[in-house]
Amino acid sequence: MKQLLVVHGSPMRTTSFSRNIAERAVALLQSQNSGLTVVRRDLAAEQVPHLNEAVISAMRGPAAGQSSGDTQALAYSNTLVDELVAADALVLSAPMHNFGISSQLKAYIDNIVRLGRTFRYGENGRPVGLLGGKAALIVVARGGVYSSGPLANLDFQESYLRTILGFIGVNPEFVRVEGTAFGDVASAAALAKAEAALHESGLARRASATDSPAI
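Residues numbered from 1 in each chain as written. Predicted model: local features only at pLDDT ≥ 70, side-chain atom pairs only at ≥ 80, totals over all residues. Heavy atoms only, no water.

## Quick look at the packing of helix α4 (residues 103-112) against helix α5 (residues 157-167)
Okay, so step 1: At a minimum axis separation of 12 Å, α4 and α5 run at an interaxial angle of 15°. Overall, the two elements α4 and α5 adopt an arrangement that is roughly parallel. Relative to α5, the crossing made by α4 is left-handed. Across the interface between the two elements, Leu105, Lys106 and Ile109 from α4 touch Tyr160, Leu161 and Ile164 from α5. (Axes fitted to C-alpha atoms, helices over the stretch in contact; angles between N-to-C directions. Helix = DSSP H or I, 4+ residues; strand = E, 2+ residues; numbered from the N terminus. Parallel < 35°, antiparallel > 145°, perpendicular 65-115°, else oblique. Left-handed = near helix turned anticlockwise from the far one by under 90°. Contact = heavy atoms within 4.5 Å.)

## Overview of the layout of surface pockets
Vacant regions in the atomic arrangement are exposed by a probe of water-molecule size rolled over the atoms.
Okay, so step 1: Computed from the structure, the largest pocket encloses a volume of approximately 250 Å³.
Okay, so step 2: Looking at the largest pocket, it is lined by 13 residues, and the ones nearest its centre are Met59, Arg60, Val113, Leu115 and Phe119.
Okay, so step 3: Looking at the lining of the largest pocket, the elements with two or more residues in it are α2 (53-60), α4, β4 (119-121) and α5.
Okay, so step 4: Here the lining of the largest pocket gets 3 residues from one element, more than from any other, and that element is α2.
Okay, so step 5: Split into classes, the residues belonging to the lining of the largest pocket amount to 10 nonpolar, no polar and 3 charged.
Okay, so step 6: There is about 200 Å³ of room inside the second largest pocket. (1 Å grid on protein atoms, 1.4 Å probe; cavity = no way out; pocket = protein on both sides within 12 Å on 5 of 7 lines; lining within 4 Å. Points joined across faces, edges and corners; volume = space filled by probe spheres on them. Nonpolar A, V, L, I, M, F, W, Y, C, P; charged D, E, K, R; others polar.)

## Some thoughts on the environment of Pro172
Okay, so step 1: For Pro172, the location among the structural elements is in strand β7 (residues 170-178).
Okay, so step 2: For the pair Pro172 and Leu84, spaced 88 residues apart in the sequence, the C-alpha separation amounts to 14 Å.
Okay, so step 3: Sequence-distant contacts of Pro172, defined by excluding residues within four places in its chain, comprise Ala136, Ile138, Arg162 and Leu165.

Shown next as structure tokens:
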């Protein structure tokens, strides 16, 4: 692995559980890959523009799918797509907001799901992701427990990310930090469990195998 893209989807810069574990994942991958280039996109530090009429028209127009020569409206979206395409792997931190993802992260996703750049329509109109099964480690954080139990049917966070990332050809693997609303002891336990899961993740295991091909 030569280049890692890190996208932080939480508006919380100092107290985010998802950001905490995502940065531990980055440190782990750096320890396993000397010279790893890390590109960070912090959605709390910048204003990710929501799609407007000009951008949507450009995405649907003749320039959609071009990597250069696009209209000015696509400049920001092209930057995000180029970062993603260039990365060998992705680490994404995603807190749960109202059973889904943050508005910042949704705006980011709307900018990278691009016809002709990250997906296309194949035979019979079936969508085909263009990112070639790019490996991704997704850290999801939530105050309750949604991976099982009575709240599982309210989890539109992980299911959405799995669907939309798969749509563009990203192969997501999830690490969960959940139950953090139940006090300090529960939060510490959730962080410890998530960090242990990092070391067992497929991304970490592939990165540490000296004889494995780059991902």
